[in-house]
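# Chain and residue survey
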Amino acid sequence: RWNLHTPYRPNDNLKTPYIVLESMKNERNTARVIHTLTVTNDKFEYKLGRGHEADVRIINDISVSRAHMSINYKFGSFHLED
């Protein structure tokens with residue numbers, strides 16, 4: 001489970017788009033993992049999964065496949081593809 005946040009940075013004059021992923025673990029009192037994915041001219045797609053080719057590796061969850069999903073930024077918004 002993930003919380004997705006898509007704010008702009010407070011002092012970002014260029015309004016650089018980014019997305020924040022926060023892991024939502026079921027166990028209480030465990031550390032959460034937060035990833036910030038920033039869109040640039042060269043990088044607008046991020047792959048998530050357990051595989052080594054993933055940009056965001058999720059390693060301690062066997063329910064996540066090697067190439068689990070991707071997050072793309074196109075037409076001014078983020079799109080999640082399973």
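Residues numbered from 1 in each chain as written. Predicted model: local features only at pLDDT ≥ 70, side-chain atom pairs only at ≥ 80, totals over all residues. Heavy atoms only, no water.

### What about the environment of Y46?
Inspection of the secondary structure assignment puts Y46 in strand β4 (residues 45-49). Using a relative accessible area of 14% as the deciding quantity, one classes Y46 as buried. For Y46 and L80, which are 34 residues apart along the polypeptide, the C-alpha to C-alpha distance reads 9.7 Å. (Helix = DSSP H or I, 4+ residues; strand = E, 2+ residues; numbered from the N terminus. Buried < 20%, exposed > 50% of the residue type's maximum accessible area, 1.4 Å probe, protein only.)

### Regarding the pattern of salt bridges
Enumeration according to the criterion identifies 2 salt bridges in this entry. The partner of D55 in a salt bridge is K43, with the nearest N and O atoms 3.1 Å apart. Of this pair, D55 sits in the loop between β4 and β5 (56-57) while K43 is found in the loop between β3 (34-38) and β4, placing the two residues 12 residues apart along the sequence. A residue is classified by how much of its surface remains accessible, and K43, at 27% relative accessible area, is partly exposed. (Salt bridge = Lys/Arg side-chain N within 4 Å of Asp/Glu carboxyl O.)

### A few points about the nonpolar core
I19, L21, L37, Y46, L48, V56, I58, V64 and I71 form the largest nonpolar core, which has 9 residues in total. Listing elements by their share of this core, those giving two or more residues are β2 (18-23) and β4. Discounting residues that sit within four places of it in the chain, V56 has contacts with H35, L37, K47, L48 and G49. (Core = buried A, V, L, I, M, F, W, Y, C linked by side-chain atoms within 4.5 Å. Contact = heavy atoms within 4.5 Å.)

### Digging into the sheet that holds strand β7 (residues 77-81)
One open sheet accounts for 4 strands, arranged β5-β4-β6-β7; its pairing is mixed. Both outer strands of the open sheet, β5 and β7, are each paired with one neighbouring strand and no more. As paired strands, β4 and strand β6 (residues 69-74) are joined by 4 bridges and run antiparallel to one another. What sits directly across from K47, in β6, is S70. (Pairing = 2+ DSSP bridges.)

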